[in-house]
Amino acid sequence: MTATAIPAPPPGTPGHHGRTALVTGAASGIGAACSLRLAAAGAHVRALDRDAAGLDGLVRRASGLPGTVEAVALDLTDLDAAERAAAGADILVNNAGIQLVRPVQDFPPDAFHTMLTVMLEAPFRLIRGALPHMYERGWGRVVNVSSVHGLRASAYKSAYVTAKHGLEGLSKTVALEGAAHGVTSNCVSPGYVRTPLVEKQLADQAAAHCLPVEDVLTDVLLRDTALKRLVEPEEVAEAVAYLCAPHASSITGTSLVMDGGWTAH
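Rules used throughout
- Residues numbered from 1 in each chain as written.
- Predicted model: local features only at pLDDT ≥ 70, side-chain atom pairs only at ≥ 80, totals over all residues.
- Heavy atoms only, no water.
- Helix = DSSP H or I, 4+ residues; strand = E, 2+ residues; numbered from the N terminus.
- Rg over C-alpha atoms; globule rule 2.2 N^0.38 Å.
- Buried < 20%, exposed > 50% of the residue type's maximum accessible area, 1.4 Å probe, protein only.
- Contact = heavy atoms within 4.5 Å.
- Areas by Shrake-Rupley, 256 points an atom, 1.4 Å probe, with all protein chains shown as cover.
- Lys, Arg positive; Asp, Glu negative; His and termini not counted.
- Charge placed at Lys NZ, Arg CZ, Asp CG, Glu CD.
- Expected span 1.5 Å × (residues − 1).
- Bend = angle between axes of the 7 residues up to and from the residue.
- Core = buried A, V, L, I, M, F, W, Y, C linked by side-chain atoms within 4.5 Å.
- Phe/Tyr/Trp six-rings, centres within 6.5 Å; stacked < 30°, edge-to-face > 60°.
- Lys NZ or Arg CZ within 6 Å of the ring centre and 35° of its normal.
- Axes fitted to C-alpha atoms, helices over the stretch in contact; angles between N-to-C directions.
- Parallel < 35°, antiparallel > 145°, perpendicular 65-115°, else oblique.
- Left-handed = near helix turned anticlockwise from the far one by under 90°.
- Pairing = 2+ DSSP bridges.

Caption draft 1: Just the overall build of the chain, in detail. Along its length, the chain carries 8 helices and 7 strands. Taking 2.2 N^0.38 as the reference for a compact globule, 265 residues should give roughly 18 Å; the C-alpha atoms of the chain span a radius of gyration of 18 Å, in line with that estimate. Its C-alpha atoms give the chain principal-axis dimensions of roughly 55 × 35 × 35 Å. Going through the 265 residues of the chain one by one, you find that 51% of them count as buried. Counting contacts in the chain only where the partners sit at least 6 residues apart, residues at least 24 apart contribute 74% of the total. A total accessible area of about 11,600 Å² is found for the chain, and carbon and sulfur atoms account for 56% of it. Between the centroid of the 21 positive side chains of the chain and the centroid of its 26 negative side chains there is a distance of 4 Å.

Caption draft 2: Main features of helix H4 (residues 109–137). With 29 residues, H4 should cover 42 Å at 1.5 Å per step; its first-to-last C-alpha distance of 41 Å lies within 8% of that length. At Thr 117, H4 shows its maximal kink, close to 40°. Remark: Gly 138 follows H4 within two positions and exhibits a positive phi of approximately 70°.

Caption draft 3: Spotlight on the nonpolar core. Of all hydrophobic cores here, the largest spans 35 residues; its most connected members are Leu 38, Val 45, Val 93, Val 188, Val 236 and Val 240. Residue assignment for this core shows that the elements contributing at least two residues are strand E1 (20–24), helix H1 (29–40), strand E2 (44–49), helix H2 (52–61), strand E4 (91–94), strand E5 (140–145) and helix H8 (233–244). At 8 residues, the largest contribution of residues to this core is made by H1. Those residues in contact with Val 188, other than ones at most four positions away along the chain, are Val 143, Asn 144, Val 145, Ser 146, Ser 147, Val 236, Ala 239, Val 240, Leu 243, Leu 256 and Met 258. In terms of nonpolar packing, the next biggest core, distinct from the first, is built from 32 residues, Ala 86, Phe 107, Val 118 and Met 119 among them.

Caption draft 4: How the structure looks around the packing of aromatic side chains. Going through the model one piece at a time under the given rule, you end up with 2 aromatic pairs. Arranged with centres 6.1 Å apart and planes meeting at 85°, the rings of Phe 107 and Phe 112 form a pair that is edge-to-face. By relative accessible area, Phe 107 is classed as buried at 8%. Judged by relative accessible area, Phe 112 falls into the partly exposed class, the value being 29%. The cationic tip of Arg 19 hangs over the ring face of Trp 139; the distance from NZ or CZ to the ring centre is 3.6 Å.

Caption draft 5: Molecular detail of the packing of H1 against H8. Here H1 crosses H8 at 50°, and the two axes come no closer than 8 Å. Between H1 and H8, the angle falls in the class oblique. Seen along the crossing, H1 lies across H8 with a hand that is right-handed. Seen from H1, the contacting residues are Gly 29, Ile 30, Ala 33, Cys 34 and Arg 37; seen from H8, they are Pro 233, Glu 234, Val 236, Ala 237, Glu 238, Val 240 and Ala 241.

Caption draft 6: Here's a closer look at the side chain of Thr 184. Locating Thr 184 in the fold gives a position in strand E6 (residues 183–190). Non-local contacts of Thr 184, meaning those with residues more than four positions away in its chain, are made with Gly 140, Arg 141, Val 142, Leu 243, Ala 248, Ser 249, Ile 251 and Thr 252.

Caption draft 7: Region of the structure containing unusual backbone geometry. Positive phi, close to 75°, is recorded for Tyr 156, a residue that is not glycine. For Tyr 156, the location among the structural elements is in the loop between E5 and helix H5 (158–178).

Caption draft 8: Quick look at the sheet that holds E4. Taken in spatial order, the 7 strands make up an open sheet running E3-E2-E1-E4-E5-E6-E7, and their pairing is parallel. Where the open sheet ends on each side, the last strands, each with one partner, are strand E3 (68–73) and strand E7 (255–258). Going from strand to strand, the sheet's axes swing by 15° on average, the running direction of each strand aside. Here E1 pairs with E2 via 5 bridges, running parallel. Within E2, the residue paired with Ala 21 across the bridge is Val 45. Set on the sheet, H5 makes contact with E5, E6 and E7; between it and E6 the angle comes to about 160°. With respect to the sheet, H8 is in contact with E4, E5, E6 and E7, its orientation differing from that of E6 by roughly 165°.

So, in structure tokens, the structure goes:
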């Protein structure tokens with residue numbers, strides 16, 4: 001996947017100088033785009049991922065931006081370490097995710113457990129670790145990268161759909177509790193995004209259906225969307241940045257849906 005340059009925010013855009021942001025799943029895709037976008041706004045970004053090599057590349061890409069990117073190599077299945085890593089964060093972007101596509105009767109229970117650990121329990125622990133600092137400062141932003149699958153189900157994705165539905169509920173609960181402390185909590189819920197995770201799905205489904213990748217994209221993955229294209233990671237990063245800005249202080253407990261018209265049906 002070709003890396004897209006992240007420009008500095010336009011003049012007059014509210015910045016995050018002096019803010020610390022933590023982004024999970026930051027080595028590639030949406031997480032990398034969010035890390036670079038927040039660093040472009042002046043934040044010190046803790047980029048967390050288990051892919052140490054990918055994080056090193058991200059740090060190099062961030063060179064010269066107004067903010068900084070610090071690599072934090074961590075596996076989110078270590079829940080205690082995840083909670084500790086969130087201490088002191090002003091902005092938390094829960095983005096890390098994994099995918100496995102299987103019928104329910106064939107879905108490995110250990111894989112189901114791991115996916116819910118990474119995509120639901122780890123966000124809870126990260127939020128738990130971040131909130132004391134946010135409450136003390138009277139300001140905080142929690143942005144959970146959910147999915148259209150937090151609002152709609154698809155066959156063969158029981159763990160992913162379960163985790164994303166749970167994340168939407170967790171986000172709303174945090175919004176209700178955090179409102180009195182100046183903390184907002186929202187989801188960004190995109191459709192299929194051009195990430196390594198989705199590109200692997202395209203390849204797997206092309207092989208399974210004996211179809212060209214282009215046909216799988218339009219006829220399978222994007223069948224229910226009005227816009228027949230993938231969402232770009234940088235588009236999601238702009239939505240995250242918007243929800244983190246001061247002018248979004250009244251937006252909380254909701255989901256910003258970026259699904260190309262999927263849920264318009």
